[in-house]
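Chain by chain, the residues:
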Amino acid sequence: MVKWKLGTTLLIVLIILTYLTSQLKQQLHDLTLFNREHPVTVLVFIHIQKTAGSTFERSIVRRLNFDSQPSCRCPTMPKQNQANRPAIKLRCDCSRNNEPWLISRFSVGWLCGVHADWITYHRCLPTKMNFDYGLNQRKFLYATLLREPVSRFISEYLHNLRGATWLSERLPCHRAQQLRHQNSCWKNTNLTDFIRCPFNSAINRQTRMLSSLIRSCQSPSFTYSDLIDLSSAKRNLESMEFFGLTEHLHLSQRLFEQTSYCKLFRICSFQFYLEQDVRNYQTNDYLEKILTSVERTHLQQINSDDMELYDFAKKLFFQRTCQILGIACS
């Protein structure tokens, strides 16, 4: 009698567990199907050094509105600390449905390493986001800013002279990372020595950070040029939801407002528009008063990939400007 009751109880429990398991599988299937059909859309800003990326990102997190609501909730500083504002790095809460809609140094910080590039983000983000914010189907849209290559290179050179080397940036190849740390020829040097640095990541930086093809990564003959692939950089730039030009920040912001991503939030508008950064007197003075025509030509030659990428970007940028903003173009 006892055995019969125990057997009946176990059978009932088994039936219940089977039912619950089937229901759970169905719910997981429905959830997975829903996530595939309605993936979470995340905007990823690839911050290329010395392209006014910080200025533009601050504008997104502090000055962008969705309808009448701010895009991000940014902490306010006590009045006594306002004088020290440039030295204070505060992150803004740019979340939607409990996870960030924007991957930026001013929203989630350097989530995939300092100044992560195209390859690094593609390798890192899916796993990192699932670990930090839970399993989900996500669609990553990319954005960036580009700058005239000679101006950008000189700006980075002057920045390095002030001691900022970005040695902690995560390169997409271990061999490249090793070479980067072995060659500390940055401070207290002239432009010629800076250019000749055995592993100068300032050369063709924009093309390198947008490339998606690496050659000979583990080879002893690996060189810096193996990180650079102009064709893939052009394709990746063209596929981006948004990219802007440092020399045309006002138009860049207007284009950003019209992206399909921005329209997910209905009306999308900046509180004010950025203009070209005329405060960077040091770079402008160097370009106008110190840099010779021979040096400029040399910089254009060694940054030939960036020069070609920038020419491609300019044509595409104004093509989009005319098409999206309805501006008459010749």
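Because the structure is a prediction, the values reported are computed rather than measured.

Conventions used here
- Residues numbered from 1 in each chain as written.
- Predicted model: local features only at pLDDT ≥ 70, side-chain atom pairs only at ≥ 80, totals over all residues.
- Heavy atoms only, no water.
- Phe/Tyr/Trp six-rings, centres within 6.5 Å; stacked < 30°, edge-to-face > 60°.
- Helix = DSSP H or I, 4+ residues; strand = E, 2+ residues; numbered from the N terminus.
- Buried < 20%, exposed > 50% of the residue type's maximum accessible area, 1.4 Å probe, protein only.
- Patch = residues over 30% accessible without salt bridge, like charges linked within 9 Å, V, L, I, M, F, W, Y side chains within 5 Å.
- Areas by Shrake-Rupley, 256 points an atom, 1.4 Å probe, with all protein chains shown as cover.
- Salt bridge = Lys/Arg side-chain N within 4 Å of Asp/Glu carboxyl O.
- Disulfide = S-S within 2.5 Å.

Enquirer: Help me understand the packing of aromatic side chains, please; the structure alone is not making it clear to me.
Expert: Per the counting criterion, the structure on display carries 14 aromatic pairs. Both rings, one in Phe66 and one in Trp101, keep their centres 5.3 Å apart while their planes meet at 65°; by these two values the pair is edge-to-face. Of this pair, Phe66 sits in strand 2 (residues 64-66) while Trp101 is found in the loop between strand 5 (99-100) and strand 6 (102-103), placing the two residues 35 residues apart along the sequence. Taken as a pair, Phe66 and Trp101 share a single burial class, namely buried. Through a chain of ring-to-ring contacts, the aromatic side chains of Phe45, Phe56, Phe242, Phe256 and Phe270 assemble into a single cluster.

Enquirer: Quick question: what am I supposed to make of a nonpolar patch on the surface here?
Expert: On the surface, Leu11, Leu14 and Ile15 cluster together into a nonpolar patch covering about 310 Å² of accessible area. The residue Leu14 is located in helix 1 (residues 2-37) in this model.

Enquirer: Honestly, the pattern of salt bridges in this entry has me stumped. Any pointers?
Expert: Close approach of charged atoms lets side chains of opposite charge pair. Inspection of the entire model under this criterion finds 8 salt bridges. Taking the shortest distance from any N to any O, the salt bridge between Asp93 and Arg73 comes out at 2.5 Å. Residue Asp93 is located in the loop between strand 3 (69-70) and strand 4 (95-96), and its partner Arg73 is located in the loop between strand 3 and strand 4; the two are separated by 20 residues in the primary sequence. Judged by its relative accessible area of 32%, Asp93 is partly exposed. Glu156 is paired through a salt bridge with Arg152; the nearest N and O atoms lie 2.7 Å apart. Of this pair, Glu156 and Arg152 are both found in helix 4 (residues 149-161), 4 residues apart, which corresponds to roughly one turn of the helix. Overlapping salt bridges bring together Arg152, Glu156 and Arg205 as one network.

Enquirer: What exactly am I supposed to notice about the state of the cysteines here?
Expert: Note on terminology: a disulfide is the covalent bond linking the sulfur atoms of two cysteines. Under the criterion given, the structure shown has 4 disulfides. Each disulfide pairs two cysteine sulfurs, and for Cys72 the partner residue is Cys94, the sulfurs being separated by 2.0 Å. Between Cys72 and Cys94, the disulfide has an S-S torsion of 110° and is therefore right-handed. Here the residue Cys72 occupies a position in the loop between strand 3 and strand 4, and Cys94 occupies one in the loop between strand 3 and strand 4, the gap between them amounting to 22 residues. Cys94 shares its class with Cys72; the two are buried. Residue pairing for Cys112: its cysteine sulfur links by disulfide to Cys124, the two sulfurs lying 2.0 Å apart. Its torsion about the S-S bond being -80°, the disulfide of Cys112 and Cys124 is classed as left-handed. In this pair, Cys112 sits in the loop between strand 6 and helix 3 (118-133) while Cys124 sits in helix 3, placing the two residues 12 residues apart along the sequence.

What is shown is where atoms sit, not what they do.
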